[in-house]
Amino acid sequence: SKSQMDSQTIELLGRNCLVNELIAAGLEVALPLRDRGIDMIAYVDLSADTRKFVAVPIQMKGASARSFSIDTKYKKISNLLIVYVWGLQDQDHSQCFALTYDEALRVATEMGYTKTASWIKGGAYSMTAPSVRLCQLLMPYQMSPKSWRKKILAVARRVSARSFDELNHPER
């Protein structure tokens, strides 16, 4: 059996696993010099399908097995992707799930996590033993080399449309 991995090891393995997935998907990755709630930035280089620089910040949640968490502190970063990297103790079978804050909040609400004391009092919830139901709710967000680029572009487009709308109708 593999020895228990410490949180720093999990963080490094998770980051490397995610960087590899993003690069395999034809995306570029930048790593911030300081940790301010963003672990990396995935961006689409100027190419045939994008005429402007498109970048999305990522908060990575690595787990040696499986875990799910959500924290209201991430709500303020409008185009943040929260990426759960599962199965880091056996990287041949690791999986990534990428959700916006709103998507993660919908999953948490559906699971009843937003009715817990830890969410109501502290604005955060986390767990390490996902039920079959939670796994089903996360399935649509499981990433593959094909889906990463679509997800990054979709999140970036949705945010730029919303930002434009907020600029023009700040009273809403």
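Reference entry: report on the structure contained in this document. (Residues numbered from 1 in each chain as written. Predicted model: local features only at pLDDT ≥ 70, side-chain atom pairs only at ≥ 80, totals over all residues. Heavy atoms only, no water.)

With that out of the way, let us pick up the packing of aromatic side chains. Applying the stated criterion to the full structure yields five aromatic pairs. With a centroid separation of 5.1 Å and 25° between ring planes, the pair formed by Phe68 and Tyr84 is classed as stacked. Taken as a pair, Phe68 in strand S4 (residues 68-71) and Tyr84 in strand S5 (residues 81-86) lie far apart in primary sequence, 16 residues in all. A single burial state applies to Phe68 and to Tyr84, both of which are buried. Arranged with centres 4.2 Å apart and planes meeting at 15°, the rings of Tyr113 and Tyr125 form a pair that is stacked. Pair noted here: Tyr113 is in the loop between helix H2 (101-111) and helix H3 (117-122) and Tyr125 is in strand S7 (residues 124-127), with a separation of twelve residues, a long-range link. Given the relative accessible area of 7%, Tyr113 is considered buried. Classification of Tyr125 by relative accessible area gives buried; the value is 17%. Ring pairing ties together the aromatic residues Phe68, Tyr84, Tyr113 and Tyr125, which thus form one cluster. (Phe/Tyr/Trp six-rings, centres within 6.5 Å; stacked < 30°, edge-to-face > 60°. Helix = DSSP H or I, 4+ residues; strand = E, 2+ residues; numbered from the N terminus. Buried < 20%, exposed > 50% of the residue type's maximum accessible area, 1.4 Å probe, protein only.)

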